[in-house]
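Survey of secondary and tertiary structure
Each chain is listed here by its residues.
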Amino acid sequence: MGTAEGVLQVFSGVAPHNLCSDPSSNALGSAYSFNSRLISTKRNASKKIKIPVYASVRLSTSRTYGVQGFGGSSYKYRNIDRLKFSSCRCQRAESFGGKTTGNWFVDSADDLNPLNTMVNGPHVLNFDDVKQLKEEKTDSMSNGAPIASSTIHRAKVDPIEEEAWDLLRDSVAYYCGSPIGTIAANDPTSSNVLNYDQVFIRDFIPSGIAFLLKGEYDIVRNFILHTLQLQSWEKTMDCHSPGQGLMPASFKVRTVPLDGDDSATEEVLDPDFGEAAIGRVAPVDSGLWWIILLRAYGKISGDLSVQERIDVQTGIKMILKLCLADGFDMFPTLLVTDGSCMIDRRMGIHGHPLEIQALFYSALMSAREMLAPEDGSADLIRALNNRLVALSFHIREYYWIDLRKLNEIYRYKTEEYSYDAVNKFNIYPDQIPPWLVEWIPNRGGYLIGNLQPAHMDFRFFSLGNFWSIVSGLATMDQSHAILDLIEAKWADLVADMPFKISYPALEGQEWQIITGSDPKNTPWSYHNAGSWPTLLWQLTVACIKMNRADIAVKAVEIAERRISRDRWPEYYDTKRSRFIGKQAHLFQTWSIAGYLVAKLLLADPGAAKILITDEDPELVNAFSCMIGANPRRKRGRKNSKQSYIV
Ligand code: GLC
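Now for a description of the structure that goes with this document. Keep in mind that what you see is a predicted model, and the values were worked out from it rather than measured. (Residues numbered from 1 in each chain as written. Predicted model: local features only at pLDDT ≥ 70, side-chain atom pairs only at ≥ 80, totals over all residues. Heavy atoms only, no water.)

1. What about the overall build of the chain?
What the chain contains, in helices and strands, is 23 helices and 13 strands. When burial is assessed residue by residue, the chain has 61% of its 646 residues classed as buried. Long-range contacts, defined here as pairs at least 24 residues apart, represent 73% of the contacts in the chain between residues at least 6 apart. Within the structure as shown, the chain displays about 25500 Å² of accessible surface, and the carbon and sulfur contribution to it stands at 52%. (Helix = DSSP H or I, 4+ residues; strand = E, 2+ residues; numbered from the N terminus. Buried < 20%, exposed > 50% of the residue type's maximum accessible area, 1.4 Å probe, protein only. Contact = heavy atoms within 4.5 Å. Areas by Shrake-Rupley, 256 points an atom, 1.4 Å probe, with all protein chains shown as cover.)

Structure (structure tokens):
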């Protein structure tokens, strides 16, 4: 029948996976035990000793793990055990999953089987190299194959890169002597650190990728396993707990007195789910980034044992369950409050912001690869597949804007009560902002920031667009068009420092109403169209995927002119990004790491495949069936196979 409804049922629940699951280690009924825990104790604030403590927490996983609502099995969560976890300070990462190796946070870098030929050299591409590369371009980069090494010649030791590595290492936070993350900013000139001395989940992603690309896997592994333990800690805001599966926005390593012993201290991890954050915003993006990093770790290190662990599999499922839970929504996009992602204060992005949708899609694609196929997850995997198709259809169809589409909206009829309305969301053409009429280039387009009933947020949000390319949420044509627009609008989006977080700024009354007159988000500052150097790395991955690395090289060159001299600011202000941001922290870690990741990937573009997800033919097919079912557009049915239509 080929209807959208029919297509949504096409998946049998079998996800492609790269896990060769050993039933004994993955069986749901298997015991989950902690043993050989270690507590790091500081006496008289002097030397640290590690005392082995033996404990065993046996959890019958058939009672404790799983996801409600996807399989009919009844599950409970880990609430009870959270308390135990919170007292399990300084656990050895290996011990969480019931596997012990006898070493304290073994640096597995040497033991693993790294796909490390990808990460191998000090070769750095400059603009000319890339131009030459582009001329010689083959399709190989888009499938992630490394560039022929003969084309990468100029090896040089870059002093800015060297400085960046030193600063990045200085920002590493340790927990019981092991690296566990990087703090948000390490600014010796600032007395007002707020919570920038914490490890933010989203901020750590570029740090983690930089370490992975360098072959330093242990910090990422520790981060993944320890943040997993923080997932949905027993924290509340005014007696209300966040949803199970929520990952914290940040955490801090605190030294506290050891219970019952005044002369001793121990280290604990103290997470913040938004209950202390300015504005009490929930970090919806944290869990999505966690899944993306987990996949990247497995891909580059070759160590699939982390993603195969029962606790990690459960963590993935809990995040998915939270995201896939039924609600009141009519749309397949995730409904979130304002400030639930990188833009973590009021900026009028509540609803279905693009950034969250792109990360959601990327996390679903990544989880699809990593979830072990077992009876208990069949329904979850089916729900995941269906959501992927519906989500990509929705975004590609309704978020896309270019000159042609804008003209279509300009001529929209409104108040269409029918099943096959063209103007489904009842968008009034008067909403088209005057700036966009001038701004939209003849060639190129982008995904808008948000879509709600009778509301399109036409602002360009960079991260959402970059990650839609990286994850394959945007089609290949759309991805190229986004990069075309970036090239056409370089002076607006990059100017003197890459990259504007959004464009254009909210000004005047709009700024007053939408931000609540936020003095930090004045026009062309901070989240209100300020420029964020960290965005370099996401831009670079997107450009590499589309075989257009020259764009990223140009952006890196612009950043290099000032970023080190300006002491690695968090963001820049003004329309042309000429000033260091009004309240920008200096030595901001993700500015440093974002730059490093961009450099490392341009030196070895093949390594970007740890972040990229390509469309699966099953999804392409299901998607094209769906397009065929859309009364407004008939296209792309050539490859549809009857077997996918029910
Ligand atoms: C700001 C940013 C947020 C970031 C945090 C720490 O709040 O908006 O995205 O995670 O600083 O750097």
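There is more to say after this.
2. A closer look at the packing of aromatic side chains
All told, the structure shown has 23 aromatic pairs when counted by the stated rule. Between Trp532 and Trp590, the aromatic rings sit 6.2 Å apart at their centres with planes inclined by 85°, giving edge-to-face as the arrangement. Of the two residues, Trp532 is situated in the loop between helix H19 (508–515) and helix H20 (535–545) and Trp590 in helix H22 (residues 589–603); the sequence distance between them amounts to 58 residues. Accessibility assignment for this pair places Trp532 and Trp590 in one class, buried. Every member of this aromatic cluster is reached through a ring pair, and the members are Trp435, Trp439, Tyr446, Phe460, Tyr503 and Trp524. (Phe/Tyr/Trp six-rings, centres within 6.5 Å; stacked < 30°, edge-to-face > 60°.)

3. Focus: the side chain of Asp573
Of note, Asp573 is situated in strand E12 (residues 572–573). Despite being buried, Asp573 has no salt bridge partner; Lys582 is the closest side chain of opposite charge, sitting 5.3 Å away. Excluding residues that lie within four positions of it along the chain, Asp573 makes contacts with Trp524, Ser525, Tyr526, Arg578, Phe579, Ile580, Gly581 and Lys582. (Lys, Arg positive; Asp, Glu negative; His and termini not counted. Salt bridge = Lys/Arg side-chain N within 4 Å of Asp/Glu carboxyl O.)

4. A short note on the sheet that holds strand E9 (residues 445–452)
Paired through their backbone hydrogen bonds, the strands of a sheet run either parallel or antiparallel. Judged by pairing direction, the sheet is antiparallel, and its 4 strands sit side by side in the order E8-E9-E10-E11 without closing on themselves. Lying at the two open borders of the sheet, with one neighbouring strand each, are strand E8 (400–402) and strand E11 (502–503). Of the pairings in the sheet, the one linking E8 to E9 comprises 3 bridges and is antiparallel in character. What sits directly across from Asp402, in E9, is Gly445. Sheet contacts for helix H17 (residues 476–488): E8, E9 and strand E10 (455–461); angle to E9, the most-contacted strand, approximately 105°. (Pairing = 2+ DSSP bridges. Axes fitted to C-alpha atoms, helices over the stretch in contact; angles between N-to-C directions.)

5. Considerations on the pairing of E9
Here E9 lies mainly inside the structure; 8 of its 8 residues are buried. With 4 bridges joining them, E9 and E10 adopt antiparallel strand pairing. When the sheet's bridge partners are listed, Ile448 is paired in E10 with Phe460. Here E9 hands over to E10 after 2 residues, with Ala454 in that stretch at a positive phi of 55°.

6. With respect to the pattern of salt bridges
In total, this model carries 22 salt bridges according to the counting rule given. Arg345 is paired through a salt bridge with Asp518; the nearest N and O atoms lie 2.9 Å apart. One end of the pair, Arg345, is in the loop between helix H11 (310–324) and helix H12 (354–370); the other, Asp518, is in the loop between H19 and H20, and 173 residues separate them in sequence. The exposure class of Arg345 is buried, given its relative accessible area of 19%.

7. Structural notes on the environment of Pro332
Mapped onto the secondary structure, Pro332 falls in the loop between H11 and H12. When the C-alpha atoms of Pro332 and Leu391 are compared, they prove to be 5.3 Å apart, with 59 residues separating the residues in sequence. Those residues in contact with Pro332, other than ones at most four positions away along the chain, are Phe360, Arg387, Ala390, Leu391 and His394.

8. Structural notes on helix H16 (residues 462–471)
Among the 10 residues that make up H16, 10 are buried, leaving the element largely enclosed by the rest of the structure. Of all the residues in H16, the buried ones are Ser462, Leu463, Gly464, Asn465, Phe466, Trp467, Ser468, Ile469, Val470 and Ser471. Looking one or two residues past H16, Gly472 carries a phi angle of roughly 85°, positive in sign.

9. What about the packing of H11 against helix H13 (residues 378–399)?
Following both chains from N to C, one finds H11 and H13 inclined at 55°, their axes separated by 11 Å at the closest point. Accordingly, the angle class assigned to the pair H11 and H13 is oblique. In terms of crossing hand, the pair formed by H11 and H13 is left-handed. Along the contact surface, H11 presents Lys317, Leu320, Cys323 and Leu324, while H13 presents Leu380, Ala383, Leu384 and Arg387. Partitioned by chemical class, the residues of the contact of H11 with H13 number 6 nonpolar, no polar and 2 charged. (Parallel < 35°, antiparallel > 145°, perpendicular 65-115°, else oblique. Left-handed = near helix turned anticlockwise from the far one by under 90°. Nonpolar A, V, L, I, M, F, W, Y, C, P; charged D, E, K, R; others polar.)

10. Re the nonpolar core
Core analysis: the biggest nonpolar cluster contains 169 residues, and Ile209, Trp290, Ile316, Leu320, Tyr446, Phe458 and Ile486 have the highest contact counts within it. Broken down by element, this core gets its largest block of residues, 11 residues, from H12. (Core = buried A, V, L, I, M, F, W, Y, C linked by side-chain atoms within 4.5 Å.)

11. Regarding empty space enclosed by the protein
Any space left empty among the atoms is revealed by the rolling of a water-sized probe across them. Per the counting criterion, the structure on display carries 6 cavities of 30 Å³ or more. If you add up the space inside the largest cavity, you get close to 90 Å³. Tallied by class, residues from the lining of the largest cavity come to 7 nonpolar, 1 polar and 4 charged. Lining the second largest cavity are 13 residues, and of these Arg202, Trp289, Leu463, Gln538 and Trp590 sit closest to its centre. (1 Å grid on protein atoms, 1.4 Å probe; cavity = no way out; pocket = protein on both sides within 12 Å on 5 of 7 lines; lining within 4 Å. Points joined across faces, edges and corners; volume = space filled by probe spheres on them.)

12. Some details on the pairing of strand E7 (residues 261–272)
Taken together, the 9 bridges between strand E6 (residues 250–258) and E7 define a ladder with antiparallel strand orientation. Its bridge partner lying in E7, Val256 is registered against Glu266. Linking E6 back to E7 in an antiparallel pair, the connection comprises 2 residues, with Gly260 at a positive phi of about 75°.

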